[in-house]
Amino acid sequence: MKRLQLTDVAHAYALDKVLAGIDLALPAGRILALVGPSGCGKTTLLHLCAGLLTLQTGTLENRYTRPAVMFQQPRLLPWKTTRDNIALGLKAAGLPRAEWQMRAQAMGHAVGLDADALEQFPHQLSGGMQSRAALARALVLEPDLLLMDEPFAALDIGLKAQLHRLLLEHQAARGVAVLMITHDLMEAVRLADAILVMAPDPGRIVHRFELAAPAATRDDDFVHRTTAGFLHDADVRACFGLEALAATALQCADHGFAKLGAGGAAQAGENVIGLARPATRKGLAC
């Protein structure tokens, strides 16, 4: 059975230990999201799974045979057209020219790139179109394992939603296993079957969430409610520095900030923090 399995994995750069005691399993057809703050080792973990780093400690068993990687940046070759960029893996596999051209064009159309866009070079494409090309380049290989390192982080909310839908449709149709990294807990709730929350120093998994509802059925209300529920967990809040942020907000309130309710009137117990009137803001330290 196809499966990605990590047991007690640890990794260090010289004396800097970045991962410790990592255990995870990703069976076929599942989407697993890794979330956590910057510097907690998420990208290092993904690179280990992709074979881009040598395993130092623990065991890593990867029974998938056709992995593909999407990086934070599109990484399109500037001297090649969009179609040729999408076809890079197909050409490397030795497919006949007619076949790789046909498959690259079909996948480009599937992610919303028209004939003109496929003939253009990367510098002629918008950032969103470059991201579509990068997604097409990964999916055209028909991977059984897709490793994603925040490829949608820089996109606006509308385009991100479109690419989320494309990814889910392809994943459901093909049964692809997906391991994705994101800083965006809402993105993880929208896409993943399970979420692993990581903490830093060293990077480790501190919480695991399973989402029973199929991703295709999750609307905005579900995503917002579920995300809010996760953020009530103390471990999750600590990982993202939210406890420290709350403490800072209270300190600022002590130094002259006011909590504002509806209509701008200060009310006790409100969650929205705004500036008090200038006359009350003498000697602010925040």
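Residue numbers here run from 1 along each chain, matching the order of that chain's written sequence. Residues qualify for local features only when their pLDDT is at least 70, as the model is predicted, and side-chain atom pairs are given and counted only at 80 or more; totals for whole chains, interfaces and linings, by contrast, use all residues. Hydrogens are left out, water is left out, and the side-chain values use all remaining heavy atoms of the structure.

Asks: What is the right way to read helix α7 (residues 157-174) from this model?
Replies: For the α-helix, the turn length of 3.6 residues means that residues three or four positions removed from each other point alike. Elements are defined by DSSP. Helices are runs of H or I of four residues or more, strands are runs of E of two residues or more, and each kind is numbered from the N terminus. Helix span is expected to be 1.5 Å times the residue number reduced by one. Between its first and last C-alpha, α7 extends 26 Å over 18 residues, near the 26 Å set by a 1.5 Å rise per residue. Only protein chains enter the area calculation, which uses a 1.4 Å probe; residues under 20% of their type maximum are buried, those over 50% are exposed, and those in between are partly exposed. Looking only at α7, the buried set comprises Leu-159, Lys-160, Leu-163, His-164, Leu-166, Leu-167, Leu-168, His-170 and Gln-171. In what follows, a contact means two residues having at least one pair of non-hydrogen atoms within 4.5 Å. Those residues of α7 that are buried lie in contact with β3 (31-35), α4 (97-110), α6 (127-139), β6 (145-149), β7 (177-182) and α8 (185-191). With a side-chain oxygen positioned 3.0 Å from the backbone nitrogen of Gly-158, the residue opening α7 is Asp-156. Of the residues trailing α7, Gly-175 is marked for its positive phi of about 70°. We define a polar contact as two N or O atoms separated by no more than 3.5 Å, with the added condition that, inside protein, one atom must be a possible hydrogen donor and the other a possible acceptor, whereas residues neighbouring each other in sequence contribute only through side-chain atom pairs.

Asks: Is there a simple way to explain the pattern of salt bridges in this structure?
Replies: The term salt bridge refers to a pairing of a side-chain nitrogen on Lys or Arg with a carboxyl oxygen on Asp or Glu at a separation within 4 Å. Under the criterion given, the structure shown has nine salt bridges. Asp-144 is paired through a salt bridge with Lys-2; the nearest N and O atoms lie 2.9 Å apart. On the criterion of sequence distance, the pair formed by Asp-144 in the loop between α6 and β6 and Lys-2 in the segment before β1 (3-13) is long-range, its members being 142 residues apart. Residue Asp-144 is classed as buried on the basis of its relative accessible area, which comes to 6%. The exposure class assigned to Lys-2 is partly exposed, which follows from its relative accessible area of 31%. Where Glu-210 meets Arg-30, a salt bridge forms, and the shortest distance between an N and an O atom there is 2.9 Å. You can see Glu-210 sitting in strand β9 (residues 204-210) and its partner Arg-30 sitting in the loop between β2 (16-27) and β3, a full 180 residues away along the chain. When its relative accessible area of 29% is taken as the criterion, Arg-30 is described as partly exposed.

Asks: Please clarify how the sheet that holds strand β5 (residues 67-70) should be interpreted in this entry.
Replies: What holds strands together in a sheet is hydrogen bonding between their backbones, with the strands either parallel or antiparallel. For two strands to be treated as a pair, DSSP must find at least two bridges joining them. Spatially, six strands are ordered β5-β6-β7-β3-β8-β9 in an open sheet, and the strand pairing comes out mixed. Pairing within the sheet leaves two strands with one partner each, and these edge strands are β5 and β9. On average, each strand axis in the sheet is inclined to that of its neighbour by 15°, with strand direction left out of account. Here β6 runs beside β7; their pairing, made up of five bridges, is parallel. By the bridge assignment, Leu-146 is partnered in β7 with Val-178. Axes here mean lines fitted to C-alpha atoms, for a helix over just the part in contact, with angles spanning 0 to 180 degrees between N-to-C directions. Strands in contact with α6 are β5 and β6; relative to β5, the strand with the most contacts, it is inclined by about 170°.

Asks: In this structure, what is going on with the pairing of β7? I would like to understand it.
Replies: Walk down a regular strand and you will see the side chains alternate between the two sheet faces. Of all six residues in β7, six are buried, a share of seventy percent or more. Both faces of β7 are covered, namely the face carrying Ala-177, Leu-179 and Ile-181 and the face carrying Val-178, Met-180 and Thr-182. By the bridge criterion, five bridges tie β3 to β7 in an arrangement that is parallel. From the neighbouring strand, Val-35 faces β7, where its bridge partner is Thr-182. The handedness rule is simple: strands pointing away from the viewer, and a clockwise path from the first strand over the helix to the second, make the crossover right-handed. With respect to chirality, the unit in which β6 leads through α7 into the neighbouring parallel β7 is right-handed.

Asks: Sorry, what's going on with the confidence of the model for the protein chain here?
Replies: Predicted coordinates in regions of low pLDDT should not be interpreted in detail. Per-residue confidence for the protein chain gives a mean pLDDT of 84, with 84% of residues at or over 70. The predictor attaches a confidence to each residue, called pLDDT, with possible values from 0 through 100. Note that residues 257-286 has pLDDT below 50 and, in this model, 37 contacts with residues that lie over four places away or in other chains.

Asks: Hey, could you run me through the packing of aromatic side chains in this one?
Replies: The pairing test for Phe, Tyr and Trp rings, Trp by its six-membered ring, is centres within 6.5 Å, and the orientation test on the planes gives stacked under 30 degrees, edge-to-face over 60, and tilted for anything in between. The tally for this structure, following the rule as stated, stands at one aromatic pair. A ring pair is formed by Phe-209 and Phe-230, whose centres lie 3.9 Å apart and whose planes are at 25°; its orientation type is stacked. Here Phe-230 lies in helix α9 (residues 220-230) and Phe-209 lies in strand β9, a separation of 21 residues in the sequence. For the pair Phe-209 and Phe-230, a shared accessibility class is recorded, and that class is buried. Two limits define a charge over a ring: the Lys NZ or Arg CZ must be within 6 Å of the ring centre, and within 35 degrees of the ring normal. Its guanidinium or amino end placed over the ring of Phe-71, Arg-75 lies 4.1 Å from that ring's centre, counting from NZ or CZ.

Asks: What am I meant to see in the pairing of strand β8 (residues 194-199) here?
Replies: Counting buried residues in β8 gives six out of six residues, a clear majority hidden from the surface. Of the two faces of β8, the one carrying Ala-194, Leu-196 and Met-198 and the one carrying Ile-195, Val-197 and Ala-199 are both buried. Taken together, the four bridges between β3 and β8 define a ladder with parallel strand orientation. Bridge assignment links Val-35 to a residue of β8, and that residue is Val-197. Across six bridges, β8 lies against β9 in antiparallel orientation.

Asks: Explain unusual backbone geometry to me, please; I cannot follow it from the model alone.
Replies: With an omega of -10°, the peptide bond between Asp-201 and Pro-202 qualifies as cis. As for its position among the elements, Pro-202 is in the loop between β8 and β9. Here Arg-75, not a glycine, exhibits a phi torsion of approximately 55°, which is positive. By the secondary structure assignment, Arg-75 is in the loop between β5 and α2 (82-86). Residue Arg-75 is classed as exposed on the basis of its relative accessible area, which comes to 55%.

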